[in-house]
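# Close look at the chain arrangement
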Amino acid sequence: MRRTRHIRQLPRADMTPLVNIALLLIVFFVYVKQVQRSVCTPLELPDHGKYNDGTRIHPLASIFLLENNRVGYLTYQSSEASAAYIETDYSINGLRKHLSIAALAKRPVVYIIPTAKSTFKNIVDVLDELTISKRVQFIMADYPLPTENRMLAAYRHYKQSNPAKPFLTSLRLYW
C-alpha cells in the first residue's frame, strides 16, 4: 500500500465582500450624522440693556417660570410703580396669546426669570413660544430679585385666600 502525502493548505478567506460592506456602513453612518445635525434658531438679543442704536431697553413684561409648568406673566403699566400679573400656562390661549399682544408694540422685549422650582423644559418651552412669535426679544435673568419674590408670594397668598375670583391682579412692584 502506497502512502500519499497530503499537503495541507491554510484556508483562505476572500475579504472583498467584507471590505464592500465596511465601506457601505461608513458611508451610511456619515450620511446619518449629516442628517442628524441640529438646526439652531437664530435669535437677535439685546446687548447689556441697550439696543444697537444705544437707546435703553424698557421691557414690556416679565415671564416668571413657576412650578408645575405654570408661567407668571407680569405686564408693566405706563407708570413703572405698578403692573398687571396673571398666572397662565404654555397653551395657545395662555402665554402665546400674551406674547402675540406684546409683539404689537415697537421693539418688544421681555425678561425671562426662572424661579427655584422651574425646570430646563420650562426655559425651552418659553424660548419655543418666543421663536413662534418671531418679533419679541428677550433678556434672560439668573434668578428673581427679592422684590419679585415678594410680589410672587403676595400673589400666591391672594390666590389661596380668593380662589373664586379671577387671577388677573394689579400689584405694586416696590414696597
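Described in the following lines is the structure provided in the data block. Everything numeric here is computed off the predicted structure, so don't read it as measured data.

Criteria and thresholds
Residues numbered from 1 in each chain as written. Predicted model: local features only at pLDDT ≥ 70, side-chain atom pairs only at ≥ 80, totals over all residues. Heavy atoms only, no water. Helix = DSSP H or I, 4+ residues; strand = E, 2+ residues; numbered from the N terminus. Buried < 20%, exposed > 50% of the residue type's maximum accessible area, 1.4 Å probe, protein only. Contact = heavy atoms within 4.5 Å. Core = buried A, V, L, I, M, F, W, Y, C linked by side-chain atoms within 4.5 Å. Arc of directions from axis to C-beta. Patch = residues over 30% accessible without salt bridge, like charges linked within 9 Å, V, L, I, M, F, W, Y side chains within 5 Å. Areas by Shrake-Rupley, 256 points an atom, 1.4 Å probe, with all protein chains shown as cover. Salt bridge = Lys/Arg side-chain N within 4 Å of Asp/Glu carboxyl O. Pairing = 2+ DSSP bridges. Right-handed = clockwise from strand over helix to strand, strands pointing away.

What follows deals with the overall build of the protein chain. When you go through the protein chain residue by residue, the secondary structure sums to four helices and six strands. Secondary structure elements of the protein chain occur, N-terminal to C-terminal, as α-β-β-β-α-β-α-β-α-β. By the burial criterion, 29% of the 175 residues in the protein chain qualify as buried. Put simply, of all contacts in the protein chain between residues at least 6 apart along the chain, 63% involve residues at least 24 apart.

With that settled, the discussion passes to the nonpolar core. Ile63, Leu95, Leu99, Val110, Val126 and Leu130 are the most contacted members of the largest nonpolar core, which has 17 residues in total. Those elements that provide at least two residues to this core are strand E1 (61-65), strand E2 (71-76), helix H2 (95-102), strand E4 (109-114) and helix H3 (120-133). Those residues within four positions of Leu99 in sequence are excluded, and the remaining contacts are Ile63, Tyr73, Val110, Glu129, Leu130, Ser133 and Val136. Residues Leu74, Tyr85, Ile113 and Met151 belong to the second largest nonpolar core, which totals nine residues.

Let us now look at H2. Turning to H2, its buried residues are Leu95, His98, Leu99 and Ala102. Across the axial projection of H2, the buried residues extend over an arc of 100°, all falling on one side.

To continue, consider a nonpolar patch on the surface. Where nonpolar side chains cluster on the molecular surface, the patch consists of Met15, Leu18, Val19, Leu23, Ile26 and Val30 and spans about 580 Å² of accessible area. Tracing the chain through its elements places Met15 in the segment before helix H1 (16-35).

Right, let's get into the pairing of strand E5 (residues 137-140). Sheet topology note: the E4/E5 ladder contains four bridges and is parallel. Counted as the bridge partner of Val109 is Gln137 from E5. Of the crossover connections in this fold, the one passing from E4 over H3 to the parallel E5 is right-handed.

Without other data, these values stay purely geometric and don't point to any function.
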